[in-house]
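Survey of secondary and tertiary structure
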Amino acid sequence: MEWNQHRIALLSACLLTLPVTSLAKDNQQSADQLAPEAATGLTEQQAVTGKNWMVASANPYASEAGAEILRQGGNAIDAMVATQLVLGLTEPQSSGIGGGAFMVYWDQKKKALTTFDGRETAPFAVTPLLFQDEKGQPLKFFDAVVGGRSVGTPGTVRLMWYTHQRHGKLDWKKLFEPAITLAKEGFVVSPRLAALVEKDKAHLQRFEATKAYFFNEDGTPIQAGQTLKNPEYADTLRQIAERGASAFYTGEIAKDIVKAVRTAPGNPGVLSTMDLATYQVKERPAVCAPYRQYEVCGMGPPSSGALTLGQIMGMLSHYPLSDLGPDNLTSWRLLGDASRLAFADRGRYMADSDYVPMPTKGLLADDYLQQRAALLNSDQALAKAEAGNPPWDHAMRYAMDESLELPSTSHFSIVDKGRNVISMTTTIENGFGSRVMVRGFLLNNELTDFSFRSHDNGNPIANRVEPGKRPRSSMAPTIVMQKGKPYLAIGSPGGSQIIGYVAKTLVAHLDWGMDLQQAINLPNMNNRFGPFELEANTEAEQWAPKLETLGFKVQVKELNSGVQAIKLSDKTLTGAADPRREGKVIAK
Ligand code: GLY
């Protein structure tokens, strides 16, 4: 089978009118189709090479801001700050200072890999009933998302500040110049942003400040090609540039964030100035899983990213995928069922381990993954995929999680000339987050990454809402190590699809020998905890009848990954951006 992609990108208008009625699993499809982050276009991409440094982000302005900082002698941390600040302006639907992020960081001088957790926290005033109605039933997804109720304490500004204080090189203020200039002078609205505003206009128009920004005076949504200025964002950034993170977490900006959350019409939240003032970034050890001659390293709890990806790769390591190749049905059966088993464990065990006991080590234990891999030794799809019993000295057995995570988020990778490496996935959760805008930026809806139900049949759900807790994430910023050195920085947006996008790209590159760009372009075929999802309008669709004969349920749908990856070899850097979005790689 040839893997040339031919795509029709827009969703059909009739699908966009489907109602989303509850959190039940059978609503996954209609909810995904409504998500404003669904695919809107495809541009041709080519891998880029460089010798000194490289930035690969989801937006050309953001990549250019990072590149400019690297040209001025900044390091990867400096470039991360500049890139993130511009992403919040030019790709505001996906990430920004009103959200949270995870960063995996290789420090070349120390030869050390570490991770930084800038995940949002639940306000101290929440209860496990936050997303339930008066009868204890889960709220409809968008009833929970849109408004102040879903807003967690943002972590991105503290993450940028904390890491810059420890590892940055250039003056903090300098890193704000590209974003402030662009916000004042204006940027050209991309086709993707314009299409997403059009699709989400009913939600965006509910809030005065959001409407004023994303709609013209005549009421029309902003258009692709139009120049958009954001003087309020420029002013917010100026204050953070001058006074550091405390300008955001205390004082007038913090008060305005809290006011916007607590007065959001129809759906207020409970965020307080205390939540902001006490927010902390956490440095955590990277979670690594061996895969062939590599180690796949990333973000542990509260993200499920590295554990679920590590489980998938760990199970696959027992099968000769490189011999089987991409045209072999067995390869996709193995990928699909390894993913189903990993997602079953994820649903039962994974959450914020600062709050709930978790078998973090057991989930990646060799013997355990060998047992789980043995379940795949068949010529049929697994009849059912259930959570296993990883080695664990805790008696608790949790109920299955029920959170619904829709495609969203942004990923970027950076390597500086000193060979420090960043893999960062950053988000405001749903497209345009909570839709509540304050001082020129959107606030996240990260709290809807918690399970709406807190218990099932009397058993607690690990990822239930609790005060101060971080909602479980699927973000999987990854650095693949080889012989103790970084080999690949990679990650993707896409809600709980992120894990499958990264797994597919790793297998395509590491096992099937595809170059980075081919591996990213390869049509997406994901299996979470339900049907085998095949990327619409690609040759992935041709696998449908074959997978059905093995016993899989199949669903054809938009699967618009946004993988930005950089491969490091001794002399060269090779970068690739996902053609499904608007990413750009810049290198020297
Ligand atoms: N909100 C996307 C994620 O954390 O997975």
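Before any of the text, the structure's been laid out above.
Structure report, in brief. (Residues numbered from 1 in each chain as written. Predicted model: local features only at pLDDT ≥ 70, side-chain atom pairs only at ≥ 80, totals over all residues. Heavy atoms only, no water.)

**With respect to the overall build of the protein**
Per the secondary structure count, the protein includes 21 helices and 23 strands. Judged by the C-alpha coordinates and their principal axes, the protein covers about 60 × 60 × 50 Å. Counting all 588 residues of the protein, 65% fall into the buried class. Sequence separation of at least 24 residues holds for 74% of the intrachain contacts in the protein that already meet a minimum separation of 6. Entry remark: accessible area of the protein is about 20400 Å², with carbon and sulfur atoms responsible for 50%. (Helix = DSSP H or I, 4+ residues; strand = E, 2+ residues; numbered from the N terminus. Buried < 20%, exposed > 50% of the residue type's maximum accessible area, 1.4 Å probe, protein only. Contact = heavy atoms within 4.5 Å. Areas by Shrake-Rupley, 256 points an atom, 1.4 Å probe, with all protein chains shown as cover.)

**Some words on the pattern of salt bridges**
Taken as a whole and judged by the stated rule, the model has 26 salt bridges. We note a salt bridge from R284 to D117, for which the minimum N-O separation is 2.9 Å. Here R284, found in strand β7 (residues 282-284), pairs with D117, found in strand β4 (residues 112-118); they are 167 residues apart in sequence, far enough to count as distant. Each member of the pair, R284 as well as D117, carries the same accessibility label: buried. The residue E535 makes a salt bridge to R580 at a minimum N-O spacing of 2.8 Å. A residue pair is termed long-range when its members are at least 10 positions apart, and E535 in strand β19 (residues 532-535) and R580 in the loop between β22 (573-577) and β23 (584-587) qualify at 45 residues. Both residues of the pair, E535 and R580, count as buried. Here the residues in one salt-bridge network are D117, K282, R284, D354 and R470, joined through shared partners. (Salt bridge = Lys/Arg side-chain N within 4 Å of Asp/Glu carboxyl O.)

**Observations regarding the state of the cysteines**
Considering all chains together, one arrives at 1 disulfide under this definition. One disulfide in the model links C288 with C297; its S-S distance is 2.2 Å. Taking the torsion about the sulfur-sulfur bond, which here is approximately 115 degrees, the covalent link between C288 and C297 counts as right-handed. Given a relative accessible area of 29%, C288 falls into the partly exposed group. (Disulfide = S-S within 2.5 Å.)

**Re the site of the ligand**
As a matter of local geometry, the ligand sits amid 10 residues, with R119, E446, D449, S473 and S474 nearest to it. Split into classes, the residues belonging to the shell around the ligand amount to 1 nonpolar, 4 polar and 5 charged. (Near = heavy atom within 4 Å. Nonpolar A, V, L, I, M, F, W, Y, C, P; charged D, E, K, R; others polar.)

**Some thoughts on helix α19 (residues 498-511)**
Look at α19: 19 Å from first C-alpha to last across 14 residues, which is about the 20 Å you get at 1.5 Å a residue. Taking burial as the measure, the 14 residues of α19 include 14 buried ones, the bulk of the element. Two residues or fewer after α19 comes G513, characterised by a positive phi angle close to 70 degrees. (Expected span 1.5 Å × (residues − 1).)

**With respect to a positive patch on the surface**
On the surface, K109, K169, K417 and K588 cluster together into a positively charged patch. Mapping K417 onto the fold places it in the loop between β10 (410-415) and β11 (421-427). Note on K417: relative accessible area 57%, which makes it exposed. (Patch = residues over 30% accessible without salt bridge, like charges linked within 9 Å, V, L, I, M, F, W, Y side chains within 5 Å. Lys, Arg positive; Asp, Glu negative; His and termini not counted. Charge placed at Lys NZ, Arg CZ, Asp CG, Glu CD.)

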